[in-house]
Amino acid sequence: MLFPDMSDHFRFATQVIHAGTSPHKGTGARVTPIFHTNGFVFNDLEHGADLFVLKGKGFTYSRGSNPTTAAFEARMAALEGGTSAIAIASGQSALLVILLTLCESGDEYVASRQLFGGSLGLLKRMDKRLGIKVIWADPTPESIAAAITPKTKAVLIETIVNPTGQVVDLTGISRVTKAVNVPLVVDNTLATPALLRPFEHGADILFHSASKFLCGSGTAIGGVIIDGGSFNWVKDTRYPLISEPWEDYDDILLTQSFPDKAFSMAARLIGLRELGPGLSPTNAFLILMGIETLPLRMQRHCDNAQKIAAYLRTHPAVDHVSLPDSTDEHVKKLCPKGSGSIFVATLKGGLPAATRLLSRLKLFSHLVNIGESRSLICHPATTTHKQMSEAERHGFGIDPGTLRFSIGLENPEDLIKDLEQGLK
Ligand SMILES: *Cc1c(COP(=O)(O)O)cnc(C)c1O
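Because the structure is a prediction, the values reported are computed rather than measured.

(A) Inspection of the sheet that holds strand β7 (residues 223-227) at higher detail. Reading across from one edge, β1-β7-β6-β5-β4-β2-β3 is the order of the seven strands in this open sheet, with mixed pairing throughout. Two strands lie at the open edges of the sheet, namely β1 (84-88) and β3 (133-137), each paired on one side alone. Adjacent strand axes in the sheet meet at a mean angle of 20°, parallel and antiparallel pairs treated alike. When β1 meets β7, the two strands line up antiparallel, connected through five bridges. Following the sheet pairing, A85 is matched in β7 by I226. Here helix α7 (residues 170-179) sits on the sheet in contact with β4 (152-158) and β5 (184-187), set at roughly 155° to β5.

Below is the structure:
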């Protein structure tokens, strides 16, 4: 095997460097090479035919799988404690493929109102264009329990909410979804497995935008879907792509051939082989490099964010800061290492004050990515959350004077000095 999975017996800081990769057999290359090839040569006719109906191991065509992206997949499955993973072009396409694997037109699912702006836009568009109906709820066990009906096919939440940094009650919510046998789909982008491993708290399917902390340097767009292997698809006939035979694949039954990863196999077939948004090997390489330093970076991101949030909280020009305090009991229980470095701060002077601060900052970059080594700032009401109504934005804590911060890895005193001159 090209990339034996050596992750099982090692701890997190070792896995981020080693899981899913080993020296390359042919050349001895120690770092996973970037395999820029579309096709992979078959040994003979039978070998090709077998691979096409998912018999045996090997690569056929890079739209479905590629050795560099496979290394990234194996590493992410190990880090999250899942059974398998699918590398995909972006966080946005990860969410799309999860929903299309679980739902068809006429189906409905429950989603948190507090999601990344791009996710909210996608869900609304799929509802309108494809008739895959979204029922909105607050990300609390009570609100989600009230929204679930016998027709609910999934529940979707973010573990740490973009842009407020709020940590949801994952344990409470998973208790609700388990009681009614509905898969819990979780966006773990803001936490990363370095801060929170949602499968340990009852999630069934995870996804990430790898464009953020996983990559860490703002150099690649990517995403990943991870299968927890925990949901019992056999018991449930409502998911035909997962629990019914695929006629055009020699009637393969995924729950039988791949019992611990039937969901991710279905997602790979419809998502990558059919729809086609695979991750480029170069982007997989850049993200793999980023992951090697993930735990070190996340600790520094969290420490820096707490310092900047504490400074902003006491500044007379600032109305409020959304980042939960590191001493908060709920946060300490779910994310003992910290709750990340993304938060919003609302200025007392409204839009003019926000405009002034953006124009004066020198060290913070004014752009819409998050999770980079650099500190970043943006104005959600006119960018990431532009598609919402003003009332929806306000409910989310986003007003005209609100700015989103992504605190980087710089010296925190330099960042505070920049804010000090900007807020003067
Ligand atoms: C950025 C982001 C996404 C979308 O990811 P892309 O890689 O930009 O497509 C999804 N969820 C969250 C929480 C994000 O921050």
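(B) Quick look at empty space enclosed by the protein. Applying the stated criterion across every chain, the model contains one cavity of 30 Å³ or more. What the largest cavity holds in volume is close to 60 Å³. Every residue lining the largest cavity is listed: S62, R63, G64, S65, N66, T69, E73, A87, R268, L272, G278 and L279. For the lining of the largest cavity, the elements supplying multiple residues, two or more each, are α3 (67-80) and α11 (262-275). Class assignment for the residues of the lining of the largest cavity results in three nonpolar, six polar and three charged.

Here is what the cut-offs are and how they apply
- Residues numbered from 1 in each chain as written.
- Predicted model: local features only at pLDDT ≥ 70, side-chain atom pairs only at ≥ 80, totals over all residues.
- Heavy atoms only, no water.
- Pairing = 2+ DSSP bridges.
- Helix = DSSP H or I, 4+ residues; strand = E, 2+ residues; numbered from the N terminus.
- Axes fitted to C-alpha atoms, helices over the stretch in contact; angles between N-to-C directions.
- Contact = heavy atoms within 4.5 Å.
- 1 Å grid on protein atoms, 1.4 Å probe; cavity = no way out; pocket = protein on both sides within 12 Å on 5 of 7 lines; lining within 4 Å.
- Points joined across faces, edges and corners; volume = space filled by probe spheres on them.
- Nonpolar A, V, L, I, M, F, W, Y, C, P; charged D, E, K, R; others polar.

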